[in-house]
Amino acid sequence: MSDSTERRLDEGRITRPTLAIDAIPAFEDNYIWLIHENGLAVVVDPGDAAPVRARLQAADLRLVAILLTHHHNDHVGGVAELVAATGAPVYGPANERLPHCDHPMREGDRVEIPELKIALHVLDVPGHTAGHIAYAGKVDGRDVVFCGDTLFSGGCGRLFEGTPADMHGSLAKLAALPRATLAYCAHEYTLSNLKWARAVDPGNAPLAGWQRTADGLRAQQRPTLPTPIGVELAINPFLRTGDPTVRAAAEAHAGKPLSDEVAVLATLRTWKNDFR
Ligand SMILES: [Zn+2]
């Protein structure tokens, strides 16, 4: 029996702990993902400490690790305060400057936290930032990926530090994960992405269906995330740069033939940046 289980029994509470991955909303549209079970928690990309500390306190959770995908402040802004308050070790991209990092991670490195049934491996996914990483693998037997600002439902991250070729390679790694893999993206950008995706690929029936579902979720202020990789393969233009319809739409937008999938992705990224 674990210490926390004993403590719960001592307190006379009847609990049936099950592992959960919750979205903690932060700022305008960030999600800080919290994995927790049986009094223990791991947090991904805590851009703000306050809502995380409030959740830890309210649910009586002890933070055992902090995972970071990239250096942007809306993903790391709460790290220093959480480390000071909890002493939790920080895992983060080896090639980026972070407020704090105990375990610099690069492709192939692993994060294993048996108490929370977490067994993840690191993918280098440059593009949004130069050193961006993702954590893919199993949580409680489910295939998951914490992909930060690389993949969104119906979209991908802006190319602040990387090239279209970088992003194409990074998205290919995520697209190669098992189709049931749940992608825990770090922003609720889904509706605006789908509006643009419909302009790119208006005849895509799964896309139209997902847009109706996502509209319904947002009308109830519920997250549209996580999103299965299999859904994104069907609806997300950035994962469909080899699809003839998506390619034709990109070529029409560019007003010229495009030589390869990287050129298609570059055109899609520019199109999305300017889309209102
Ligand atoms: Zn970012």
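Residues numbered from 1 in each chain as written. Predicted model: local features only at pLDDT ≥ 70, side-chain atom pairs only at ≥ 80, totals over all residues. Heavy atoms only, no water.

Next up on the list: helix 6 (residues 190-200). Where helix 6 is concerned, the buried positions are Thr 190, Asn 193, Leu 194, Trp 196, Ala 197 and Val 200. Along the long axis of helix 6, the arc covered by the buried residues comes to 165 degrees, so they all point the same way. Buried-residue contacts for helix 6 involve strand 11 (151-152), strand 12 (155-156), helix 7 (205-219), helix 8 (229-235), helix 9 (244-254) and helix 10 (261-274). (Buried < 20%, exposed > 50% of the residue type's maximum accessible area, 1.4 Å probe, protein only. Helix = DSSP H or I, 4+ residues; strand = E, 2+ residues; numbered from the N terminus. Arc of directions from axis to C-beta. Contact = heavy atoms within 4.5 Å.)

Okay, unusual backbone geometry next. Across the junction of Leu 225 and Pro 226, the peptide omega takes the value 5 degrees, indicating a cis bond. Positionally, Pro 226 belongs in the loop between helix 7 and strand 14 (227-228). Of note, the phi angle at Asp 60 is positive, near 55 degrees, even though the residue is not glycine. Structurally, Asp 60 is set in the loop between helix 2 (49-58) and strand 4 (62-67).

Ordered in space as 7-8-9-10-13-14, the 6 strands form an open sheet in which the pairing is mixed. This sheet does not close on itself; its edge strands, each paired only once, are strand 7 (110-113) and strand 14. In terms of strand pairing, strand 7 meets strand 8 (residues 118-124) through 4 bridges, oriented antiparallel. If you follow Arg 110 over to strand 8, its bridge partner there is His 121. (Pairing = 2+ DSSP bridges.)

So, about the pattern of salt bridges. Taken as a whole and judged by the stated rule, the model has 10 salt bridges. Residues Glu 107 and Lys 173 are paired through a salt bridge, measuring 2.7 Å at the closest nitrogen-oxygen approach. One end of the pair, Glu 107, is in the loop between strand 6 (103-105) and strand 7; the other, Lys 173, is in helix 5 (residues 164-175), with 66 residues separating them in the sequence. Here Lys 173 falls in the partly exposed class, since its relative accessible area comes to 30%. Each of the salt bridges in this network shares a partner with another, and the network as a whole consists of Asp 201, Arg 240 and Asp 243. (Salt bridge = Lys/Arg side-chain N within 4 Å of Asp/Glu carboxyl O.)

For the rest of this paragraph, the subject is the layout of surface pockets. Here the largest pocket defines a volume of roughly 350 Å³. Taken together, 20 residues make up the lining of the largest pocket; nearest its centre are Arg 158, Tyr 189, Ser 192, Arg 269 and Lys 272. Breaking the lining of the largest pocket down by element, the ones donating at least two residues are helix 6 and helix 10. The leading source of residues in the lining of the largest pocket is helix 6, at 4 residues. Broken down by class, the residue content of the lining of the largest pocket amounts to 6 nonpolar, 7 polar and 7 charged. (1 Å grid on protein atoms, 1.4 Å probe; cavity = no way out; pocket = protein on both sides within 12 Å on 5 of 7 lines; lining within 4 Å. Points joined across faces, edges and corners; volume = space filled by probe spheres on them. Nonpolar A, V, L, I, M, F, W, Y, C, P; charged D, E, K, R; others polar.)

This part takes up the side chain of His 128. Tracing the sequence through the fold places His 128 in the loop between strand 8 and strand 9 (133-139). Taking relative accessible area as the criterion, His 128 reaches 4% and is therefore assigned buried. A distance of 2.9 Å separates a polar side-chain atom of His 128 from the backbone oxygen of Arg 158. Residues in contact with His 128, not counting those within four places in the same chain, are His 70, His 72, Asp 149, Gly 157, Arg 158, Leu 159, Phe 160, Glu 161 and Met 167. (Polar contact = N/O pair within 3.5 Å; in protein donor to acceptor, adjacent residues only side chain to side chain.)

This part covers the confidence of the model for the protein chain. In the predicted model, the protein chain carries a mean pLDDT of 95, and 94% of its residues have values of at least 70. Contacts of residues 1-14 to residues separated by more than four positions or lying in other chains number 13 contacts, the stretch itself having pLDDT below 50. (pLDDT = per-residue confidence, 0-100.)

Turning to the coordination of the zinc ion, a few remarks are in order. Ideal geometry at a metal centre: 109.5 degrees between donors when four sit tetrahedrally, and 90 or 180 degrees when six sit octahedrally. Protein-derived coordination of the zinc ion comes from His 70 (NE2), His 72 (ND1), His 128 (NE2) and Asp 149 (OD), at a distance range of 2.2 to 2.3 Å. Given 4 donor atoms and angles of 89 to 168 degrees at the metal, the environment of the zinc ion is assigned as irregular. (Donors = N, O, S within 2.8 Å, 3.2 Å for Na, K, Ca; no water. Tetrahedral: all angles 85-135°; square planar, octahedral: opposite > 155°, others 65-115°.)

Moving on, we come to the nonpolar core. Ranked by internal contacts, the top residues of the largest apolar core, which has 63 residues, are Tyr 135, Phe 146 and Leu 174. Formed by 20 residues, the second largest nonpolar core is a distinct cluster that contains Ile 32, Leu 61, Val 79 and Ala 88. (Core = buried A, V, L, I, M, F, W, Y, C linked by side-chain atoms within 4.5 Å.)

Glancing now at the packing of helix 9 against helix 10. Taken N-terminus to C-terminus, the directions of helix 9 and helix 10 make an angle of 65 degrees; their axes are 9 Å apart at the nearest point. Read as a crossing pair, helix 9 and helix 10 show a hand that is left-handed. On helix 10, the residues that touch Val 246, Arg 247, Ala 249, Ala 250, His 253 and Ala 254 of helix 9 are Val 264, Thr 267, Leu 268 and Trp 271. Counted by class, the contact of helix 9 with helix 10 contains 7 nonpolar, 2 polar and 1 charged residues. (Axes fitted to C-alpha atoms, helices over the stretch in contact; angles between N-to-C directions. Left-handed = near helix turned anticlockwise from the far one by under 90°.)

With that out of the way, let us pick up the sheet that holds strand 2 (residues 30-37). Backbone-to-backbone hydrogen bonds pair the strands of a sheet. The strands run either parallel or antiparallel. Read across the open sheet, the 6 strands follow the order 1-2-3-4-5-6; overall the sheet is mixed. Looking at which strands have only one partner, the edges of the open sheet turn out to be strand 1 (20-26) and strand 6. Neighbour to neighbour, the strand axes of the sheet diverge by 25 degrees on average, direction disregarded. Here helix 2 sits on the sheet and contacts strand 1, strand 2, strand 3 (40-44) and strand 4; the angle it forms with strand 1, its principal contact strand, is near 140 degrees. Running at roughly 145 degrees to strand 4, helix 4 (residues 79-86) makes contact with strand 3, strand 4 and strand 5 (90-93) of the sheet.

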